[in-house]
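# Examination of the molecular architecture
If you want the building blocks of each chain, they are given just below.
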Amino acid sequence: MAVDKHAVKKIARLARLQISEEKSELLSADLGNILNWIEQLEEVDTTGIEPLASVNEHSLPWREDLVTDGEINDQVLKNAPETAGEFFVVPKVVE
Amino acid sequence: MSDLLKMTATQAVFSLSQKEISSIELTNAYIDAMETTSALNNYVTPTIEIAKQMAENADKAYAAGSAGPLAGLPIGVKDLFCTKDTQTTACSGILKGFTPTYESTVTSQIWQSGGVMLGKLNCDEFAMGSSNETSIFGPAVNPWSAKDGAALSAGGSSGGSASSVAAGSALMSVGTDTGGSIRQPAAFCGVVGLKPTYGRCSRWGIVAFASSLDQAGPFTRTVGDSALIFSAMAGHDSKDSTSASVSVPNFSDVVNSSVEGMRIGIPGEYHMDGMDDEITRIWKQGRSWLEQAGATIVDISLPHTKYALPCYYIIAPAEASSNLARYDGVRYGNRVDAETLDEMYEATRAAGFGEEVQRRILIGTYALSAGYYDAYYLKAQQVRRLIKQDFDSAFNNVDAILTPTTPTAAFELGAKISDPITMYLNDIFTVPANLAGIPGISVPAGLSKQGLPLGLQLLAAPFREDRLFSVASAIETQAQFSLAPARAAGELS
């Protein structure tokens, strides 16, 4: 599967990764090679095979709906690049 | 001093409990060794003061008769485990300076058992790599040298964890294994590396790479030590919904139990074209050791083996692209400022993630994107089930499977980093166990002509780590592997 540089840019946009023009060309070759190698999976007959997302197939456990922590605002904010009061700060989203 | 570094964990526990040595003496010997082996670049954040404090506490516990099973033992931790108030970076630029306010379940169980933390160990960025060369701190170096003297990779992703135990700058260490990241570096450095059953150890507080594949496990110099620390690491944790409610036996009791009458499978598909003669030789050697120990050798087939790697390179990047979405410069990690929120995300992630991590995020995003999801992601999940079924039927017939751990001995730093697929092929024998969720162990079995360690891998059915320990100790007994890397801390070599 060839991945042209427009496709690379589109994927990079979905992944929120800024990539330069030059890098998108390098990545186009790189990803193309890897995907070509991966495509040997097409040789395998998987008709009627149920996909396996996790070896742990039993249903997830339930617990009581109780508050188990809280009142830890300072811990939650401790590693944030920018905060104001009890909030994370991000660039303006709405004009 | 020399005697201190040469002790196994099991011997050290005995000497500590007999008051022949103190934990502070033992810990200081390791702190000195961290200094003399610093060129190996194993520790990214040493925690000397914490180590001394924990060693003092251990000595008090021995005096009071309340010592836990790991009391006083100096242990290194892969920098992928969150450690409270100690920087945790996953060896990525995006997390430099991140200081967790909580402790991972596995490490907190180790400290509760009395373990002494020496520091945080080098690894590939977000555990993505097989040579430790994608680390923001530069590669961990293997303490073993080839006859030509070239610097060798310690393997990856848990390179620092393997190298430190081999070099004598940690008595034991913990790492994680998503596709071979414990077993491959253990084989490269000549130590024992265990990847437990998926769900055996809690993943809570471990920086996530691929959540359906990640498992924590120990590095040790002997199989007995592996059983000792693993018994303390394992167990159910309500904070990890995939952690198994299965009781944890005392694995130390099964080490050295007889393999007489056990059935050991040899999978024909692991004979790869172009595989090193030395690897074939050590594999045959392992087979005859187990025969001599009274096991029955059975030829088996795992027909989908060759598809495990391409299957893994869809599933692991897909899960990684989702897990790593959290690094957005808002809640933690480093930020690159920009005008708009989207520009900030994109600039932050481009600056913070290294090349291999970005490559895997892109592959994963592609495989999960509209129009390609069925062809790549669903297909890979179907192949994953076939791989698991191969193992399920094999374990109806055998108690354990014997394979080489890696297709080659340790390679030179720089030899494979420019070609992703060549690097990925290094994990060809280890990846299937992660996809199937089964436990595996690598045990050092001998040396190559170049004088480098070679490992044998054993695999067993889910939650049968006990079988791994008994078969691995049979190999250990016969191999008589002696740990003597050229670049170890003085007295160890």
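For the structure, see preceding data.
A brief structural summary. Model, not experiment: these values are computed from the prediction.

How each quantity is defined
- Residues numbered from 1 in each chain as written.
- Chains lettered and ligands numbered in written order.
- Predicted model: local features only at pLDDT ≥ 70, side-chain atom pairs only at ≥ 80, totals over all residues.
- Helix = DSSP H or I, 4+ residues; strand = E, 2+ residues; numbered from the N terminus.
- Rg over C-alpha atoms; globule rule 2.2 N^0.38 Å.
- Buried ≥ 20, exposed ≤ 12 C-beta atoms within 10 Å, placed from the backbone.
- Contact = placed C-beta atoms within 7 Å.
- Nonpolar A, V, L, I, M, F, W, Y, C, P; charged D, E, K, R; others polar.
- Axes fitted to C-alpha atoms, helices over the stretch in contact; angles between N-to-C directions.
- Parallel < 35°, antiparallel > 145°, perpendicular 65-115°, else oblique.
- Expected span 1.5 Å × (residues − 1).
- Left-handed = near helix turned anticlockwise from the far one by under 90°.
- Pairing = 2+ DSSP bridges.
- Core = buried A, V, L, I, M, F, W, Y, C linked by C-beta atoms within 7 Å.
- Bend = angle between axes of the 7 residues up to and from the residue.
- Right-handed = clockwise from strand over helix to strand, strands pointing away.

## Quick word on the overall build of chain B
- When you go through chain B residue by residue, the secondary structure sums to 16 helices and 11 strands.
- For a compact globule of 493 residues, the expected C-alpha radius of gyration is about 23 Å, and chain B comes in at 21 Å, within 12% of that figure.
- With the C-alpha coordinates of chain B rotated into their principal frame, the extents come out at 65 × 55 × 50 Å.
- Within the span of chain B, comprising 493 residues, buried residues form 62% of the whole.
- Restricting the contact set of chain B to residue pairs at least 6 apart, pairs at least 24 apart contribute 77%.

## A short note on the overall build of chain A
- On a plain count of helices and strands, chain A comes out with three helices and two strands.
- Scanning chain A from its N terminus toward the C terminus, one meets helices and strands in the order α-α-α-β-β.
- In terms of overall dimensions, chain A is more spread out than a globule: its C-alpha atoms have a radius of gyration of 22 Å, far above the 12 Å expected for 95 residues.
- If you line up chain A on its principal axes, its C-alpha atoms span 55 × 45 × 25 Å.

## Here we look at the interface of chain A and chain B
- Each partner contributes to the interface: chain A provides 39 residues, whereas chain B provides 54 residues.
- Among the elements of the structure, helix H1 (5-14) and helix H2 (21-38) of chain A are those that each provide at least two residues to the side of chain A that touches chain B.
- Grouping the amino acids of the side of chain A that touches chain B by side-chain chemistry returns 26 nonpolar, eight polar and five charged.

## Concerning the packing of helix H8 (residues 223-233) of chain B against helix H16 (residues 465-479) of chain B
Residues and elements named next belong to chain B.
- Close contact between H8 and H16 brings their axes to 9 Å; oriented N to C, the two are set at 160 degrees. With respect to their mutual orientation, H8 and H16 come out roughly antiparallel. Along its contact with H8, which presents Val223, Ala227 and Phe230, the element H16 presents Glu465, Phe469, Ala472, Ser473 and Glu476.
- Residues that form the contact of H8 with H16 fall into these classes: five nonpolar, one polar and two charged.

## Structural notes on unusual backbone geometry
- Residue Ser157 of chain B is bonded to the preceding Gly156 of chain B through a cis peptide linkage, with omega at 10 degrees.
- With respect to the element layout, Ser157 of chain B can be found in the loop between strand E3 (116-121) and helix H6 (159-167).
- Despite not being glycine, Glu71 of chain A has its phi angle at roughly 55 degrees, a positive value.
- With respect to the secondary-structure elements, Glu71 of chain A resides in the loop between H2 and helix H3 (73-77).
- Among the residues examined, Glu71 of chain A registers 7 C-beta atoms within 10 Å and is labelled exposed.
- For Asn132 of chain B, which is not glycine, the phi torsion reads 65 degrees and is therefore positive.
- Here Asn132 of chain B lies in the loop between E3 and H6.
- The class for Asn132 of chain B is buried, based on 35 C-beta atoms found within 10 Å.

## A few points about helix H10 (residues 308-323) of chain B
- Over its 16 residues, H10 of chain B runs 22 Å from end to end, which matches the ideal 22 Å to within 8%, given 1.5 Å per residue.
- Among the 16 residues of H10 of chain B, 14 are classified as buried, and the element is accordingly described as predominantly covered.

## Considerations on the environment of Cys91 of chain B
Residues and elements named next belong to chain B.
- Within the secondary structure, Cys91 is located in the loop between strand E2 (74-78) and helix H5 (105-112).
- Residues Cys91 and Asp79, spaced 12 residues apart in sequence, show a C-alpha to C-alpha distance of 6.7 Å.
- In contact with Cys91, other than residues within four places in its own chain, are Val44, Asp79, Asn122, Cys123, Asp124, Glu125, Ser135, Ile136 and Phe137.

## Some details on the packing of H2 of chain A against helix H12 (residues 355-368) of chain B
- Where H2 of chain A meets H12 of chain B, the closest approach of the two axes is 11 Å, and the angle between their N-to-C directions is 60 degrees. Relative to H12 of chain B, H2 of chain A is oriented oblique. H12 of chain B is crossed by H2 of chain A, and the crossing has right-handed handedness. Facing Leu27, Asp30, Leu31 and Ile34 of chain A of H2 of chain A, the residues of H12 of chain B in contact are Arg359, Leu362 and Ile363 of chain B.
- Residue composition of the contact of H2 of chain A with H12 of chain B, grouped by class: five nonpolar, no polar and two charged.

## Quick word on the sheet that holds strand E7 (residues 263-267) of chain B
Residues and elements named next belong to chain B.
- Strand order in the open sheet formed by 11 strands is E1-E3-E2-E4-E6-E5-E10-E11-E9-E7-E8, with mixed pairing between adjacent strands. Each having just a single partner strand, strand E1 (43-46) and strand E8 (296-300) make up the two edges of the open sheet. The mean inter-strand angle of the sheet, taken between neighbouring strand axes irrespective of direction, is 30 degrees.
- Helix H3 (residues 23-36) contacts E1, E2 and E3 of the sheet and is inclined by roughly 20 degrees relative to E3.

## So, the nonpolar core
Residues and elements named next belong to chain B.
- Among the nonpolar cores identified, the biggest contains 174 residues, and Ile75, Cys311, Ile314, Ala400, Leu458 and Val471 are the most heavily contacted of them.
- It is H10 that contributes the most residues to this core, 10 residues altogether.
- Setting aside residues no more than four positions away along its own chain, Leu458 makes contact with Ala400, Ile401, Leu402, Gly440, Ile441, Leu468, Val471 and Ala472.

## Brief notes about helix H13 (residues 373-394) of chain B
- Along its 22 residues, H13 of chain B runs 31 Å from first to last C-alpha, staying within 8% of the 32 Å computed at 1.5 Å per residue.
- Where H13 of chain B bends most, the angle comes to about 25 degrees, and this point is Lys379 of chain B.

## Overview of the pairing of strand E6 (residues 215-220) of chain B
All names here are of chain B.
- Judged by how many residues are buried, E6 sits mostly within the fold: six of six residues are covered.
- Of the pairings in the sheet, the one linking strand E4 (residues 172-177) to E6 comprises five bridges and is antiparallel in character. For Gly175, the partnering residue across the bridge sits in E6 and is Gly217.

## Focus on the environment of Gly85 of chain A
- For Gly85 of chain A, the position within the fold is in the loop between strand E1 (83-84) and strand E2 (87-88).
- Here the alpha-carbon distance between Gly85 of chain A and Asp74 of chain A, two residues 11 residues apart in the chain, equals 9.7 Å.

## Some remarks on the pairing of E2 of chain B
Residue and element names in this part refer to chain B.
- With respect to burial, E2 is a largely interior element, five of its five residues being buried.
- Because side chains alternate across E2, one face comprises the buried residues Pro74, Gly76 and Lys78, and the other comprises Ile75 and Val77, equally buried.
- As a crossover connection, the stretch from E2 through H5 into E3 is right-handed.
- Across three bridges, E2 lies against E4 in parallel orientation. When the bridges of E4 are listed, Val77 appears paired with Val174.

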